[in-house]
Amino acid sequence: MASQNKTPTKTKNISSRKSKVTSLPLLLEIGTEEIPTKFLPQALQDLADLGTQLFRECRLNYDQIRTVGTSRRLALLVEGVQSRQSSLTQEVVGPPKAAGFDASGAPTKAAQGFAKSQGVLVEQLTIKETPKGLYLAVERREKGESAKKVLMASLPGLLAKLNFPKAMRWNASQIKFARPIRWLVALLGVHTIKMEFAGLTSDEMTQGHRFCQIKGKKKGQPVRLTNAASYVATMKKHGVLVDPNERWVIIEQQMQDLTKSAKGKVDPVHRAELIEEAVYGVEYPHAIIGKFSNEFLALPKPVLISSMKEHQGFLSVLGKDGELLPKFIAVTNTPWGNTKLMTKGNERVLAARLKDAQHFFQEDKKQTLHDRVPALDGVIFHHKLGTMRQKVERVQDLAEWMAGQLGRDDLKSACQRAGLLSKADLTTGMVGEFPNLQGVMGEEYARHDGEPEEICKAIGEHYLPRFPDDQLPVSLPGNLVACADRCDSIVSFFAAGMAPSGSEDPLGLRRAAYGVVRIITENSLELNIVASVKKALDILDGQGRSVRGKTQNPLDVVAFILDRLRFYGRNTMGLPEDVMEAVTRVRPEHTADVGDLLLRMRALQGILSHQDFETLMLGFKRAHRIVEKEAWRQTAVIPEHFQHESEKRLSRVLTKAQQEVTDCVTVKDYAGALQNLLPFKAPIDDFFAAVLVNDSDPHIRENRLSLLTAIDHLFLTIADFSCIQSVGVDVARG
Amino acid sequence: MTFQEIILSLHQFWKSQDCILTQPYDTEKGAGTFNPSTFLRAIGPEPWRAAYIEPCRRPTDGRYGENPNRLQHYFQYQVVLKPAPADSQDLYLQSLAHLGLDSYQHDIQFLQDDWESPTLGAWGLGWEVRLDGMEITQFTYFQEVGSLEMNPVTVELTYGLERIAMYLQGVDTVYDLQWTESVLYGELYHESEVQWSIYNFEAADVTLLQTSFDRFEQEGLQLLEHPRGLVLPAYDYCMKCSHFFNILDARGAISVAQRTGYIGRVRNLARKCAQAYYEQREHMGFPLLARKAPTSGQKLRKKL
């Protein structure tokens, strides 16, 4: 095969050499000390983006661009880089022709100066017609530079643009990077591109895997790269799999083999997250399986998983029945090491950690959660808002009040109790060691203390949802304590003047509000958010903790929560912005019920597509504008003052609709209510076609204004329709 | 390899890298970083290479001698190199090889670690070095010390001696470590762990500690005002404040609200010492700048 292909390939090479533009692969490798794994995916993306931008700006054509890397190197690989920039034709316009030549047609100083500045002879100047008249011009053809030269000049700029969430200085160059850069390789085909950055000069020398050992021979480092095209293959020979995807596949395969022989499978919960961490933490992955003593299986499962995951990055292994096996998988950075030694080492570290956890578990159980509550005096919630003990007292009262609001007085004491114990686990050794187990340990210890099951559940559930798509509390006390805890946090921080600004949310208040919205809507709690916010503020005031200014408005907090409601509507239901705006803009007492708002939004979205709706909106908006402009408040009409049949008809339709709409709204049938507005379409149009509101007789005028105002008010009981964007109608009108 | 041989081996290695084998500092401290050999020497442009063993006191980590790995008094092996050499990581790995650790047999990983000491107004970036999953060293490029930006940057290597020794000797509790062939770590330090745990958690006189903290702080601030510029004694008082705060903390005498206040006071003193130290060295013309440039470590090693 190879010999058959030889001849044509050769010919092709010759012909491309003739054309003088050949294409070559480019390699830029930034050799570093270990970059934090969590920075790497973004850094590789940024490098690819910056590379693409650079090639565009440098007018260098190429076939394909990609990046690969490990914690010790970031590499930009560009295939088919044209050896020369594409040339550029540019027209430079100089002085006006009139100024360039004197009456005899001889060139003036202006023309000579212009030609000189452009490096051409006066004879080479051309005349260009512009809208402003005739001008001297010169056409410059910038010949493309060699790619090598262009890259040499521009690559350092690319390196300087790579940013990291946290960067450091390490040498006299004062350059900042995630970790020190120790070498630079830049190759175009077989040619080294010399450039300088961060006190280094690029060459063709890279470093292999630190501990690569093949056939007993320590390959180690350094390594000479001879051709950009063979980068990936050469690095592999020296123990580095530069492509993250390749490492990912290998880890998956190795895990499968290891778990198969252990008759289990990798716990799916943190699987992808832990594999990604390993993929970017190593240069050549080698997964190993280790075990721990059965005695530790008596620890709560989350404790075992956290011990493995948080400190060690181990993956846990489940048996066929879904129960944890006393095993773990660790991904090492060397297939050449002594697996037995490495496994034993990792097992010992885990055993020491589990021993610690066991110690905490036993010690923690010596004191009940109830007895731990006073210690919350020593835990600061926030320095402007007092201690966790004070927060807990607020949550207790608010949760109890909420139970009352739902007509569940029977749950009041459960809410009090669950609220009281909700944060007590913060003082335990286990949560001190594993903060992510807050709530989980509380539930566990409450059960051990013999608390009723609904209290245990509520303690564990009140942290839900921990992230936007997380599960919600199931028990009602759990839901109420969860809502109370979040409402209290939002209200407290607002009162202390720490409302989130911009896109930052350091206190997690947006997340908290989103949680409230999800709990209320998805679990159908009929909680009035305006009343809840006011109650939360009262409780805060009652503690004397409030730093609320006199002008602080509870409705600011409500608006903040409604903003999250809109976010929720957009994300989960695809509700358009104008529909949500129309519904939330109506009077405050209508915004109290979050679930009700969503029902209105969905009904409104449903009717948007009705053929009569848009034209109805046209009429409504006209009426609305008039009412607004006149600031008319009265709605009582006097039938004797009607002059025209169209007024009488509109009034009849109104009377009928008022009754029907009210009936529908009472039972939250908003789709029905909206249907009952549709009959207004023709009467409103006729009304505006037949009469002028601004009649010279004030009685007639006022009567018409009142009629329109009554209609306006009726519409507003459902939504503020003036927010609805009538794109279709506008287009038709145009 | 016995515990003392490990220390000797590290001494030998870092001596060959042109490090001054300075000694532990005779004031209580929570980490080798507090030793003036690190904290003060990291400041300013003067080159500095030092290695030393440092006994550290962490009152809250006491476990009455009952926990196999947790101690209120333990040993760090500390190396500081300024300016940070380009082959810091290699030097470190060579030092492990010098201890007889075959890196090719094990899994050695450099895991992200952002280091910060609020009391010293210091932070840096680097790693915790893990040997088969066990943290054995903190590796940090200082970015700020005493709130001063580092230029040049100092790299600090802190070896957890007990952990490394446990690994090398294959024992599961620190008390079983062989200090020499015939004497165990436990024989030397177990009783001390018990007594100091009782002192730190139960017996320490809170009022004495609190008053002392206040007076040490005053003394430190006052010494900085002295016409002769008594920066070095002032810094001793900064270390004393830090240590007394640690005992108060272990004693449970500091509420969460007070905590930030205490830390802020130590930091303030540390910052003032750092600033004054810099000015003093500058005034002296940064004497170590004139020191004959060290031959590179590699060459020196060959001479050995």
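Above this text you will find the structure in question.
The rules behind the values
Residues numbered from 1 in each chain as written. Chains lettered and ligands numbered in written order. Predicted model: local features only at pLDDT ≥ 70, side-chain atom pairs only at ≥ 80, totals over all residues. Heavy atoms only, no water. Helix = DSSP H or I, 4+ residues; strand = E, 2+ residues; numbered from the N terminus. Buried < 20%, exposed > 50% of the residue type's maximum accessible area, 1.4 Å probe, protein only. Contact = heavy atoms within 4.5 Å. Phe/Tyr/Trp six-rings, centres within 6.5 Å; stacked < 30°, edge-to-face > 60°. Lys NZ or Arg CZ within 6 Å of the ring centre and 35° of its normal. Buried area = accessible area lost by both parts, 1.4 Å probe. Salt bridge = Lys/Arg side-chain N within 4 Å of Asp/Glu carboxyl O. Polar contact = N/O pair within 3.5 Å; in protein donor to acceptor, adjacent residues only side chain to side chain. Pairing = 2+ DSSP bridges. Axes fitted to C-alpha atoms, helices over the stretch in contact; angles between N-to-C directions. Parallel < 35°, antiparallel > 145°, perpendicular 65-115°, else oblique. Left-handed = near helix turned anticlockwise from the far one by under 90°. Nonpolar A, V, L, I, M, F, W, Y, C, P; charged D, E, K, R; others polar.

1. So, the overall build of chain A
So, point 1. The number of helices and strands found in chain A is 28 helices and 20 strands.
So, point 2. Projected onto its principal axes, the C-alpha coordinates of chain A cover approximately 105 × 100 × 55 Å.
So, point 3. Sorting the 734 residues of chain A into buried and exposed places 50% on the buried side.
So, point 4. For chain A, the proportion of contacts with a sequence separation of at least 24, taken over those separated by at least 6, is 70%.

2. Overview of the packing of aromatic side chains
So, point 1. Summed over all chains, the structure comprises 44 aromatic pairs over all chains.
So, point 2. Considering the side-chain rings of F216 of chain B and F244 of chain B, the 5.0 Å spacing of their centres and the 80 degrees angle between planes classify their relative orientation as edge-to-face. With F216 of chain B in helix α6 (residues 206-225) and F244 of chain B in helix α7 (residues 231-250), this pair connects stretches of sequence that are 28 residues apart. For the pair shown, F216 of chain B and F244 of chain B are each scored as buried.
So, point 3. Put simply, the rings of Y77, Y92, F110, W127, F139, Y141 and Y159 of chain B pair up and form one aromatic cluster.
So, point 4. R348 of chain A extends its terminal NZ or CZ atom over the ring of Y167 of chain B, reaching a point 5.8 Å from the ring centre.
So, point 5. Here the basic side chain of R57 of chain B rests over the ring of W196 of chain B, its NZ or CZ set 4.8 Å away from the ring centre.

3. Let's talk about the environment of L426 of chain A
Residue and element names in this part refer to chain A.
So, point 1. For L426, the location among the structural elements is in the loop between α13 (412-421) and α14 (429-433).
So, point 2. Judged by its relative accessible area of 23%, L426 is partly exposed.
So, point 3. Separated by 47 residues in the primary sequence, L426 and V379 have C-alpha atoms spaced 8.2 Å apart.
So, point 4. Residues in contact with L426, not counting those within four places in the same chain, are L376, M388, V431, Q438 and Y463.

4. So, the interface of chain B and chain A
So, point 1. Contacts between the two partners involve 41 residues from chain B, matched on the other side by 42 residues from chain A.
So, point 2. For the pairing of chain B and chain A, the buried interface totals around 3,400 Å² over both sides, and the portion due to carbon and sulfur atoms is 47%.
So, point 3. Remark: the boundary between chain B and chain A carries 4 salt bridges.
So, point 4. Across the salt bridge formed by R348 of chain A and D172 of chain B, the nearest N and O atoms sit 3.9 Å from each other.
So, point 5. Taken together, the links from chain B to chain A amount to 17 residue pairs in polar contact (both at pLDDT 80 or more).
So, point 6. Among the elements that take part in the side of chain B that touches chain A, strand β4 (residues 108-117) of chain B stands out by supplying 6 residues, more than any other.

5. A word on the sheet that holds strand β7 (residues 181-188) of chain A
Remark on secondary structure: sheet strands pair via backbone hydrogen bonds, oriented parallel or antiparallel.
Residue and element names in this part refer to chain A.
So, point 1. Judged by pairing direction, the sheet is antiparallel, and its 5 strands sit side by side in the order β2-β3-β1-β7-β8 without closing on themselves. Each of the sheet's edge strands pairs with one partner strand only, and the pair in question is β2 (64-70) and β8 (191-192).
So, point 2. In terms of strand pairing, strand β1 (residues 23-32) meets strand β3 (residues 73-82) through 8 bridges, oriented antiparallel. Counted as the bridge partner of L24 is V81 from β3.

6. With respect to the packing of helix α7 (residues 244-261) of chain A against helix α8 (residues 271-281) of chain A
Residue and element names in this part refer to chain A.
So, point 1. Packing of α7 against α8 leaves a shortest axis separation of 9 Å and a crossing angle of 125 degrees. With respect to their mutual orientation, α7 and α8 come out oblique. The interaxial crossing formed by α7 with α8 has right-handed handedness. Touching P244, R247, W248, I251, E252 and M255 of α7 are R271, A272, I275, E276, A278, V279 and Y280, all from α8.
So, point 2. When its residues are assigned to classes, the contact of α7 with α8 shows 9 nonpolar, no polar and 4 charged.

7. Focus: the sheet that holds strand β15 (residues 265-266) of chain A
Residues and elements named next belong to chain A.
So, point 1. Taken in spatial order, the 4 strands make up an open sheet running β15-β17-β18-β16, and their pairing is antiparallel. A strand with exactly one partner marks an edge of an open sheet, and here the two such strands are β15 and β16 (286-291).
So, point 2. Where strand β17 (residues 315-318) lies against strand β18 (residues 324-332), 3 bridges are found, and the strand directions are antiparallel. Within β18, the position partnered with S316 by the bridge is F328.
So, point 3. Each of β16 and β18 is contacted by helix α10 (residues 339-364), which is oriented at about 55 degrees to β16, the strand it contacts most.

8. Remarks on the pattern of salt bridges
Where charged atoms of side chains with opposite charge meet at close range, the side chains can pair.
Residue and element names in this part refer to chain A.
So, point 1. Inspection of every chain in the model, using the stated rule, returns 53 salt bridges over all chains.
So, point 2. Linking E252 and R271 is a salt bridge whose minimum nitrogen-to-oxygen distance equals 2.1 Å. Placement of the pair is E252 in helix α7 and R271 in helix α8, with a sequence separation of 19 residues.
So, point 3. The partly exposed category is assigned to E252, whose relative accessible area is 26%.
So, point 4. Overall, R271 belongs to the partly exposed group, its relative accessible area being 27%.
So, point 5. As a salt-bridge pair, E645 and R652 come within 3.4 Å of each other at their nearest N and O atoms.
So, point 6. Looking at E645, the relative accessible area reads 43%, which means it is partly exposed.

9. Things to note about the pairing of strand β2 (residues 48-57) of chain B
Residue and element names in this part refer to chain B.
So, point 1. For β2, a buried count of 8 out of 10 residues is recorded, marking the element as mostly surrounded by other parts of the structure.
So, point 2. Relative to β2, strand β1 (residues 20-21) runs parallel, the two being bridged by 2 bridges. Bridge pairing links I20 to A50 in β2.
So, point 3. As paired strands, β2 and strand β3 (residues 73-82) are joined by 10 bridges and run antiparallel to one another. Across the sheet, residue P55 finds its bridge partner in β3, namely F75.

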